[in-house]
Amino acid sequence: MKQTNSTPHRKNRERARQFAQMSDNIYLPCQARVDEIIRENDQVLTFVCSFEDVLCNKDFSYVPGQFMMVSMPHLGEAPISFSSSPTEGTGFRLTVRRAGRLTSAMHELKPGDQIGVRGPCGTPFPVRELEGSNLLFVGGGIGMAPLRSVVQYALANRERYGDITVLYGARTPADLCFRKEIGLWRRQGVTCLLSVDHGDENWTEHVGLVTELLDQVQVSPASDRALVCGPGIMMRFVLQKLVTLGLEPGSIWTTLERHMKCGVGICGHCHFEDRLVCWDGPVFSMAQLPDLENL
Amino acid sequence: METRILHKDHLVPLLRRLSRNYRLVAPVRNEYGDTLYSVIHDLDSARIDLDQQPQGSLKPFFFPQSEVLCQYALDRNHDGGQTRYAFYPQLPENRPTLYFGVRSCDMMAVMYMDLIFFQSRGQDIYYARHRENAVFITIGCNHPFPNCFCNATRTGPFLEHGYDLQLTDIGEQYFVETGRARGRKIVEAWSWFFSTAGERERRAQFQAALEARGLFSSLVHVDLAIKLLEEGDEPTAVFTELSRRCQDCGGCAFICPTCTCFNIHDQPRTDDSGERVRTWDACTFRGFTRMCGDHNPVDVETQRVRKRFLHKLLHDVRHHGRTSCMGCGRCVGMCFGGVDMIRFITMMCQYEAAQETGE
Ligand SMILES: Cc1cc2nc3c(=O)[nH]c(=O)nc-3n(C[C@H](O)[C@H](O)[C@H](O)COP(=O)(O)OP(=O)(O)OC[C@H]3O[C@@H](n4cnc5c(N)ncnc54)[C@H](O)[C@@H]3O)c2cc1C
Ligand code: SF4
Ligand code: SF4
Ligand code: FES
């Protein structure tokens with residue numbers, strides 16, 4: 001196993017340190033209010049949130065790729081990525097798939113309810129380094145949530161980025177999120193290709209694996225940067241395919257998922273070889289991932 | 001560095017004086033014959049035991065096995081909505097505490113915990129509170145205990161730094177080295193307990209430290225193990241064998257002075273209030289990395305103990321330039337499956353040798 005204790009790794013840590021210094025008690029959540037709830041599909045809701053405390057709202061900032069530790073009464077915390085971009089106004093959005101106890105309880109929330117949040121945690125996508133490049137997004141399932149954040153960010157800073165392409169796969173048409181936004185993105189010139197494992201009678205787009213969508217786009221290794229998020233197995237195939245298409249591992253970015261408790265690099269739960277996903281990541285360049293077996 | 005002499009007869013009177021300003025913690029033999037670092041409430045009845053290795057380390061004093069981080073409370077409107085969901089921190093008190101009779105490995109372990117809880121990452125205010133007003137009087141080990149291998153991890157049997165005061169038993173007296181400012185202050189404030197060290201005592205201390213190095217009963221090739229792991233030679237067969245023997249009890253991690261992984265969970269008190277608690281956790285537990293939907297990115301069957309050994313011997317060497325095994329040998333006594341640091345290193349080196357000779 002080769003070690004890549006490279007500079008991007010260190011840089012990631014610097015970014016994560018910013019949050020750690022922001023609050024004097026890194027474990028203490030503050031109160032956020034759910035202002036609006038958007039139903040993406042049967043299993044997924046988007047929560048539009050803002051802080052109860054006006055000062056928090058004013059000081060709060062994050063970068064796409066980071067996440068929040070979300071508290072629900074008696075159920076502890078779960079890490080949830082920002083699905084919004086800081087360019088979308090104050091507050092933030094969380095897009096949550098009903099997966100277990102805490103996320104199901106979130107699905108019972110109503111506008112006006114409070115949740116506990118702490119963060120932003122983790123290292124973001126390198127939005128600065130990506131400037132000047134074409135962005136190729138490959139999302140699977142709920143993995144589209146953190147990518148939506150970057151798409152919105154890039155659209156808000158349109159002149160800084162080249163072509164934007166979104167490849168997005170889900171199990172069935174009913175499992176897709178952000179349907180309305182995808183329409184808006186298309187109107188803004190974003191190439192969006194969708195794919196489902198099983199279509200229905202209304203489905204006119206691709207049926208199959210999201211990797212197959214990569215055959216339908218022109219990938220130019222010199223100017224393209226890829227951002228990938230989805231289930232581990234899908235990521236493995238996508239990453240491998242991107243490399244065969246000529247992309248350098250250093251220009252492919254992913255965000256990983258692990259069991260998390262503290263979110264600030266202390267509790268040890270989210271270990272991934274010698275890294276901690278909450279602190280050294282969750283965003284990693286593929287050059288930082290020694291093997292793709294355990295994504 | 002200043003050196004002094006403390007006559008053994010003066011030890012308890014000195015501790016009595018110090019206990020006016022500090023809560024006192026020292027290795028104490030309890031009624032069951034166990035020696036544990038304990039808070040001493042009454043110096044006259046406590047049996048301070050400097051002859052045995054304390055069974056536990058100092059870890060619980062800085063990072064308690066269970067600790068409330070905050071309270072939470074909820075208000076609901078008539079629809080059951082959460083109109084207030086607020087968190088109130090519950091910080092531990094930071095009483096000045098004197099840790100007396102601390103072994104070198106345990107002192108080094110506290111310095112390792114410092115790295116984890118407030119140097120490399122965000123400041124952990126709970127740990128910081130416990131740690132803030134701590135003073136350490138350590139004692140060198142003239143006679144290392146049977147499972148000790150701190151010579152191989154370079155964490156003992158005597159310390160070169162990190163202590164406030166370090167004692168060496170040189171017969172009728174303790175030879176006293178002053179380290180950090182808090183130690184110097186103690187010597188200055190209670191100067192009448194201390195006399196100046198002469199050439200003879202200095203030589204006695206040097207002799208004791210030298211002899212101790214020759215008294216280790218187990219030869220543990222820590223450096224070789226690190227080197228092999230760094231070269232990328234993972235002893236897969238050893239991990240498989242040890243994982244099979246591991247019973248998932250967490251004992252090794254709980255007894256280890258440097259295992260600091262934890263869990264955080266909510267403890268409801270009423271329908272609308274409760275506490276958020278952190279408790280010790282261990283990477284050998286099956287559920288440690290399990291995510292929802294029973295997905296586990298770590299293959300638990302073969303990798304159960306892999307993380308523990310790699311973390312201590314490889315990952316921490318990469319990140320902090322040193323192992324996080326302090327050579328205290330406690331896991332050797334703890335594990336009934338024989339899955340301990342000495343066993344691992346020995347098996348790994350044998351495995352490597354066998355591979356090389358093509359056996
Ligand atoms: C960096 C990051 C970003 C994420 N972003 C999103 C997002 O934007 N939208 C979304 O829907 N989901 C996201 N997830 C996944 C989400 O955190 C899990 O689905 C959630 O923790 C499940 O919790 P639960 O209590 O509902 O599930 P349960 O099945 O009741 O609990 C799962 C068990 O696993 C533990 N656990 C801890 N951390 C995790 C984890 N990360 N994943 C799964 N289980 C965990 C829980 O403590 C619990 O013991 C993200 C995960 C990570 C690590
Ligand atoms: S290695 Fe031994 S002490 Fe540690 S969890 Fe396994 S059985 Fe318990
Ligand atoms: S791994 Fe074992 S020998 Fe090393 S510090 Fe922990 S308990 Fe002591
Ligand atoms: S979640 Fe605690 S170290 Fe990453």
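Now for a look at the structure at hand. The written sequence of each chain sets the order in which its residues are numbered from 1. Labels follow written order: the first chain is A, the first ligand is 1, and so on. Where local features are concerned, this predicted model is filtered to residues with pLDDT of at least 70; where side-chain atom pairs are given and counted, the filter is 80 or more; whole-chain, interface and lining totals use all residues. Where side-chain values are given, they derive from all heavy atoms of the structure, hydrogens and water being excluded.

**A closer look at the overall build of chain A**
Helix and strand counts for chain A come out as 8 helices and 15 strands. Taken against the 2.2 N^0.38 rule, which gives 19 Å for 295 residues, the C-alpha radius of gyration of chain A at 18 Å falls within 12% of a compact globule. Referenced to the eigenvectors of the C-alpha coordinate spread, the extents of chain A come out at roughly 50 × 45 × 35 Å. Under the scheme applied here, a residue whose accessible area is under 20% of the maximum for its type counts as buried, over 50% as exposed, and between as partly exposed, the area being computed with a 1.4 Å probe on protein chains only. Buried positions account for 60% of the 295 residues belonging to chain A. Secondary structure elements are defined from DSSP: runs of H or I of at least 4 residues count as helices, runs of E of at least 2 residues count as strands, and each element is numbered from the N terminus. To get the radius of gyration, use the C-alpha atoms; to get the globule rule, take the number of residues to the power 0.38 and multiply by 2.2 Å.

**Quick look at the interface of chain B and chain A**
Each partner contributes residues to the interface: chain B has 51 residues there, and chain A has 45 residues. Contact between chain B and chain A buries roughly 4,000 Å² in total, counting both sides, with carbon and sulfur atoms accounting for 54%. In what follows, salt bridge is the name for a side-chain nitrogen of Lys or Arg lying within 4 Å of a carboxyl oxygen of Asp or Glu. Our enumeration of links across chain B and chain A arrives at 3 salt bridges. The salt bridge partner of Glu273 of chain A is Arg306 of chain B, with a shortest N-O separation of 3.2 Å. Any pair of nitrogen or oxygen atoms within 3.5 Å is treated as a polar contact; in protein, a donor-acceptor pairing is required on top of that, and neighbouring residues in sequence qualify only through side-chain atoms on both sides. Here chain B and chain A share 24 residue pairs in polar contact (both at pLDDT 80 or more) between them. For the side of chain B that touches chain A, the secondary-structure elements that each account for two or more residues are strand E4 (66–76), strand E5 (82–89), helix H3 (104–119), helix H4 (125–132), strand E11 (262–270), strand E12 (273–280) and helix H12 (306–320) of chain B. Contacts were defined at the residue level, with two residues in contact if any of their heavy atoms lie within 4.5 Å. Two parts placed together each lose some accessible area under a 1.4 Å probe, and the buried area is that loss summed for both.

**A short note on the nonpolar core**
Core analysis: the largest hydrophobic core is formed by 41 residues, its most contacted members being Tyr27 and Ile266 of chain A together with Leu58, Phe62, Tyr99, Phe136 and Phe262 of chain B. Listed by contribution, the elements that provide at least two residues to this core are helix H2 (59–62), E4, E5, strand E6 (97–103), H3, H4, strand E7 (134–139) and E11 of chain B. Tallying contributions element by element places H3 of chain B first for this core, with 9 residues. Residues within four places of Phe62 of chain B in sequence aside, it is in contact with Tyr99, Val110, Met113, Tyr127, His130, Arg131, Ala134 and Phe136 of chain B. Here, nonpolar core means buried Ala, Val, Leu, Ile, Met, Phe, Trp, Tyr and Cys residues that are tied together by side-chain atoms lying within 4.5 Å of each other. Core analysis: the second largest hydrophobic core is formed by 33 residues, Met144, Val150, Val190 and Cys229 of chain A among them.

All we've got here are geometric facts, nothing functional implied.
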